[in-house]
Each structure stands twice: as structure tokens, then as C-alpha cells.
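Residue-level listing of the chains:
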Amino acid sequence: MKIIVCVKQVPDTTEVKINKETGTLIRDGVPSILNPDDANALEEALRMKDANKDVHITVVSMGPPQAEEMLRECMAMGADEAVLLSDRAFGGSDTWSTSNAIAAGIKTLGEFDIIFAGRQAIDGDTAQVGPQISEKLGIPQVTYVQNFEIKENKEVIVQRQLEDGHEMIKVKTPVLLTAVKELNQPRYMALDKIFEAYTKEIKVLGINDLDITTDDVGLKASPTRVFRSFSPDMKTAGVMIDKAPKEAALELLGHLKSKHFI
Ligand SMILES: Cc1cc2nc3c(=O)[nH]c(=O)nc-3n(C[C@H](O)[C@H](O)[C@H](O)COP(=O)(O)OP(=O)(O)OC[C@H]3O[C@@H](n4cnc5c(N)ncnc54)[C@H](O)[C@@H]3O)c2cc1C
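Criteria and thresholds
- Residues numbered from 1 in each chain as written.
- Predicted model: local features only at pLDDT ≥ 70, side-chain atom pairs only at ≥ 80, totals over all residues.
- Heavy atoms only, no water.
- Salt bridge = Lys/Arg side-chain N within 4 Å of Asp/Glu carboxyl O.
- Helix = DSSP H or I, 4+ residues; strand = E, 2+ residues; numbered from the N terminus.
- Near = heavy atom within 4 Å.
- Polar contact = N/O pair within 3.5 Å; in protein donor to acceptor, adjacent residues only side chain to side chain.
- Areas by Shrake-Rupley, 256 points an atom, 1.4 Å probe, with all protein chains shown as cover.
- Contact = heavy atoms within 4.5 Å.
- Pairing = 2+ DSSP bridges.
- Axes fitted to C-alpha atoms, helices over the stretch in contact; angles between N-to-C directions.
- Phe/Tyr/Trp six-rings, centres within 6.5 Å; stacked < 30°, edge-to-face > 60°.
- Buried < 20%, exposed > 50% of the residue type's maximum accessible area, 1.4 Å probe, protein only.
- Core = buried A, V, L, I, M, F, W, Y, C linked by side-chain atoms within 4.5 Å.

## Structural notes on the pattern of salt bridges
So, point 1. The full count for this structure, using the stated rule, is twelve salt bridges.
So, point 2. The partner of Arg-187 in a salt bridge is Asp-50, and the shortest N-O contact between them spans 2.9 Å. Within this pair, whereas Arg-187 is found in the loop between strand S12 (175-179) and helix H5 (191-199), its partner Asp-50 is found in helix H1 (residues 36-51), the two being separated by 137 residues in sequence.
So, point 3. When the shortest N-O distance is used, the salt bridge between Glu-196 and Lys-200 registers 3.8 Å.
So, point 4. Among the charged side chains, a salt-bridge network with shared partners connects Glu-43, Arg-47, Asp-50 and Arg-187.

Structure (C-alpha cells):
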């Protein structure tokens, strides 16, 4: 069975702080990490490989050359090979352009059974790239996957997370599944695999290696533009309601109503 896992290198947003004087983001010294949902996606592929040695896992990422570091971490966790889609022409891509490049990269890898992606990346936060890849490859997708089972006849029974429960969906491979954190607990890199991961070659593909042109990727091809980015206003100080429980509750109710929270 051939599995592809889409992985993105992201800044660790838990480490990003706001400069109180300028109101801008402090990015210095912020480490880059494997996007958390993608770690769940990879873990699921690795569990399938643990159960069946015939499973082959390829991790695919679109990003700058430094994304190689994260791809090596994925191989140190147990992925078999890594592909980096990297080209100046990809710079400034929005989700449409990003998924064009990733879908074209996946097409160069031949047949596959399952593509895993994360539900969402913690920097862009759109949750659009996975579904767009499936559309461009013409395969079914199930998002918010919190559990699944593969049957003999290429059937996949998926438990899809909903706000107030879950739904069961039956699909056939090839399929794209997007992982949520409830799916599993990602493993650490294996000591014996770390050395091997640093000796393995990472396949780097540029725009000329893919069946796409500059009409499909990059800033110019992107239907959306980031017009302005700014730090959100700081939260104002809280208000203490120092009254008897009943009056305090009534005043709180008034505050919530005035802000249209209820
Ligand atoms: C106009 C515009 C310009 C932009 N310019 C830039 C720019 O110059 N530089 C820049 O870094 N970003 C840029 N971005 C952000 C970029 O579009 C997003 O980072 C990218 O499209 C992925 O979207 P997302 O982060 O919301 O991922 P989501 O859709 O939230 O990710 C879902 C899943 O898709 C997969 N995935 C997402 N991105 C990748 C990837 N690159 N490789 C492999 N798998 C992936 C992962 O499995 C991930 O968990 C720009 C965005 C816009 C709208």
C-alpha cells in the first residue's frame, strides 16, 4: 500500500509573542516545527506501516529549502522517503496555488492508495489545502478524521468529527483523509532512524519537474491577495463584579447582552 502524507513546516505559534510597544509580531528565535495536525497524519501512516510492512510512506512538502530539516524529522519518525517542492516560482502562493503545486507533485509519484493531510496548518489556518488537493486529483476526501478502518476490498470506513458527535462515511481508495489531533498521539523520532534520515536523499522538485506553469502557482497566479496584516488589539483589562451572587449574575448577563454574546 502506498501512502502519501502532506506535511508543512510552520513557525511554532505558541512561541510567537507581540511587541507591546510596536504591536508587531516578534518572530526572532521562533522555532520551525512540523505542523501539529500533520504529525497526527504521519503517525496514522506509521501505525499502518507498523501493522503491515508492505506500506510505503512518502512525505511531501512545498516550501523553502529549510523545510528539508522537517522532512528529515519525518523520516527519523519512520517515513520511507521525502519530496520537497521548492522553487522561487512557488513563492507567495495562496491555498489555490499551493494545492496546484502539491497535486502536481503527487502526480509525479505515480499510483497511491491514501493521501493524509492535517486538518489545518497553525500559521495559515485555512484548512483548505487538503480538500483542494483531492479536488485537483479527482479523488474523494473525508476531513476531520478521528478514526478509520480499512477493509479488504479497498473500502475505508471513516469516523468524521462533528461539533456535536461524529458521522460514519464509507469511501474507496484512492482517498484523501485530513487528520485531527484526536486521531492519535504522534511518536518521537527513533534514535536509530535519526542517523539514517540524515544520510537519505530528499527529492527536490521545481516547477520544471511538474506539469504546471507560472499560471498555476505563485503570487501572480493566486486568486487571493493578503492586502494587509496587523496584530489584533490587546485585550482590555477585565472587570471585577463585587456583588452578591444574584446581582453579580444579573450584571454579568447585562454585559454579555450588551456585547451581543447572548
Ligand atoms: C495571497 C497570499 C499570499 C501568500 N503568500 C505567502 C508567502 O509568500 N509565503 C508563505 O509562506 N505563505 C504565503 N501564504 C500562505 C499560504 O497560502 C499558505 O501557507 C498555504 O496556502 C497553506 O495554507 P494553510 O497554511 O492555511 O494550510 P491549511 O489549508 O490549513 O493546511 C491543511 C493541510 O494541508 C497540508 N499543507 C498545507 N500547506 C502545505 C505545504 N506547503 N506543503 C505540504 N502540505 C501542506 C498540510 O497537511 C496541512 O495540515 C500566502 C497566502 C495568501 C492568501
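## Quick look at the site of the ligand
So, point 1. The environment of the ligand is made up of 30 residues, and the closest members are Lys-8, Asp-38, Ser-93, Ala-121 and Thr-126.
So, point 2. In this structure, an oxygen atom belonging to the ligand sits 3.2 Å away from a side-chain N or O atom of Asn-35.
So, point 3. For the ligand, an oxygen atom lies 2.6 Å from a polar atom in the side chain of Thr-126.
So, point 4. For the ligand, the protein covers 79% of the area, taking 940 Å² as the surface of the free molecule.
So, point 5. Of all the elements in the fold, those that place two or more residues in the shell around the ligand are strand S6 (56-62), helix H3 (95-107), strand S8 (114-118) and helix H4 (129-137).

## Considerations on the side chain of Thr-95
So, point 1. Tracing the backbone through its elements, the reader meets Thr-95 in helix H3.
So, point 2. Among the polar contacts listed, one links the side chain of Thr-95 to the side chain of Gln-132, at a separation of 3.3 Å.
So, point 3. Not counting residues up to four positions away in its chain, the partners in contact with Thr-95 are Thr-126, Gln-128, Val-129 and Gln-132.

## As for the sheet that holds strand S13 (residues 203-205)
So, point 1. Taken in spatial order, the nine strands line up as S11-S10-S9-S12-S8-S1-S6-S7-S13 in an open sheet, and their pairing is mixed. The strands lining the two open edges of the sheet, one partner per strand, are strand S11 (165-172) and S13. Averaged over all neighbouring strand pairs, the angle between strand axes comes to 35°, with direction disregarded.
So, point 2. Bridge analysis of S8 against S12 gives five bridges, and the strand direction is parallel. By the bridge assignment for S12, Ala-117 is matched with Thr-178.
So, point 3. The strands that helix H2 (residues 68-77) touches are S6, strand S7 (81-85) and S13; relative to S7, the one it contacts most, it runs at about 160°.

## Digging into the packing of aromatic side chains
So, point 1. In the structure shown here, the tally under the stated rule is one aromatic pair.
So, point 2. Consider the rings of Phe-116 and Phe-148, whose centres lie 5.8 Å apart with planes at 55°: the pair is tilted. Of this pair, Phe-116 sits in strand S8 while Phe-148 sits in strand S9 (residues 141-150), and the two are 32 residues apart along the sequence. In terms of burial, Phe-116 and Phe-148 fall into one category: buried.

## Looking at the nonpolar core
So, point 1. Val-5, Leu-42, Val-59, Phe-116, Phe-148 and Leu-177 are the most contacted members of the largest nonpolar core, which has 37 residues in total.
So, point 2. In contact with Phe-148, other than residues within four places in its own chain, are Glu-44, Met-48, Phe-116, Val-156, Ile-157, Val-158, Leu-177 and Leu-183.
So, point 3. Cys-6, Ile-115, Ala-117 and Leu-205 belong to the second-largest nonpolar core, a separate cluster that totals 25 residues.

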